Amino acid sequence: MKAKGIKQYLDYVSKAGDRFDIFDKITEQYAIKRALYPGSYVHITPSLIIPEVYYVDTDKKAIRFFREKNEIIEFIETSKIYSENSRIQFESIDYWQELSIPPQYVDLLISQFAGFVSKACQKYLKIGGILLAYDSHGDATMAHSDDHFELIGILKYVKGKYQIESNKLESYFKQRNGKQVNMEKVQKTMKGPKYSLAADYYIFRKVKD
Ligand SMILES: C[S@@+](CC[C@H](N)C(=O)[O-])C[C@H]1O[C@@H](n2cnc3c(N)ncnc32)[C@H](O)[C@@H]1O
């Protein structure tokens, strides 16, 4: 039988990882209260740490999952680490389309394994807000090439814990062959190139609209 309700989330994170530590670290460092997670699927871990999270996905299983909002809220309320009531919203829309939140609404934009979120959804991020990007689909590379964002740190797994590092940032996004990154190729293949120094997660600040 297919997993339903919160079991669907628990089954998912047992394989994909809940990544609680990552959101915990980022939220602690940058005082985040509101986040946008385009291409979230059923990954509601951010709501355990961040009081208001806006999820977006077009996947049928994600749409079915978020219909059980009461069960999701009940789970979050019993597992969250903040004192405010949790607020979640889900929108089943292609994230390249107009979302129903206002521009510059969130403190954190989450981009994990879901395409070029930094490009499509940057307008919803406040100036000074944080983009957390993984590079498997090339989105960290995309953000690095975008002058709306400044690389301010990376997350590194050291001795069983994630640490934010902000030194030697100029050493990231350098190809081994010394060539410039071919952004057309990144866009076409939706894959980040191999770099001589790579991080687990990249942290950018939005510097302008
Ligand atoms: C590989 S899953 C990753 C899920 C989650 N981000 C994680 O890291 O566990 C990618 C998700 O992004 C969604 N997605 C990709 N492109 C999208 C788009 N343009 N609009 C909405 N959802 C999208 C897919 O439907 C899928 O559920």
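Residues numbered from 1 in each chain as written. Predicted model: local features only at pLDDT ≥ 70, side-chain atom pairs only at ≥ 80, totals over all residues. Heavy atoms only, no water.

## Considering the overall build of the chain
Counting its regular elements, the chain contains 7 helices and 8 strands. Its C-alpha atoms give the chain a radius of gyration of 17 Å, near enough to 17 Å, the size a compact globule of 209 residues would have. Looking at the 209 residues of the chain, the share that counts as buried comes to 48%. For the chain, the proportion of contacts with a sequence separation of at least 24, taken over those separated by at least 6, is 63%. Within the structure as shown, the chain displays about 11000 Å² of accessible surface, and the carbon and sulfur contribution to it stands at 47%. Here the chain holds 32 positive side-chain charges and 27 negative ones, and the gap between their average locations is 5 Å. (Helix = DSSP H or I, 4+ residues; strand = E, 2+ residues; numbered from the N terminus. Rg over C-alpha atoms; globule rule 2.2 N^0.38 Å. Buried < 20%, exposed > 50% of the residue type's maximum accessible area, 1.4 Å probe, protein only. Contact = heavy atoms within 4.5 Å. Areas by Shrake-Rupley, 256 points an atom, 1.4 Å probe, with all protein chains shown as cover. Lys, Arg positive; Asp, Glu negative; His and termini not counted. Charge placed at Lys NZ, Arg CZ, Asp CG, Glu CD.)

## Describing the nonpolar core
Among the nonpolar cores identified, the biggest contains 35 residues, and Ile44, Leu108 and Leu132 are the most heavily contacted of them. Tallying contributions element by element places helix H2 (residues 20-30) first for this core, with 5 residues. In contact with Leu108, not counting residues within four places along its chain, are Ile26, Ile32, Arg34, Ala35, Leu36, Ile50, Leu125, Ile130 and Leu132. Counting 30 residues, the second largest nonpolar core, distinct from the first, contains Tyr105, Leu125, Ala143 and Phe204. (Core = buried A, V, L, I, M, F, W, Y, C linked by side-chain atoms within 4.5 Å.)

## Here we look at the site of the ligand
Taken together, 17 residues lie around the ligand, and Tyr12, Arg19, Gly39, Asp57 and Gln112 are the ones closest in. Asp57 is positioned such that a nitrogen or oxygen atom in its side chain is 2.6 Å from an oxygen atom of the ligand. Contact with the protein chains removes 77% of the 600 Å² of surface that the ligand exposes when unbound. For the shell around the ligand, a count of residues per class yields 8 nonpolar, 5 polar and 4 charged. (Near = heavy atom within 4 Å. Polar contact = N/O pair within 3.5 Å; in protein donor to acceptor, adjacent residues only side chain to side chain. Nonpolar A, V, L, I, M, F, W, Y, C, P; charged D, E, K, R; others polar.)

## Describing the pairing of strand S5 (residues 125-133)
Alignment of strand S4 (residues 106-111) against S5, held across 5 bridges, turns out to be parallel. Within S5, the residue paired with Leu108 across the bridge is Ile130. Pairing of S5 with strand S8 (residues 201-206), which is carried by 4 bridges, proceeds in the antiparallel orientation. Directly across from Leu132, in S8, lies its bridge partner Ile203. (Pairing = 2+ DSSP bridges.)

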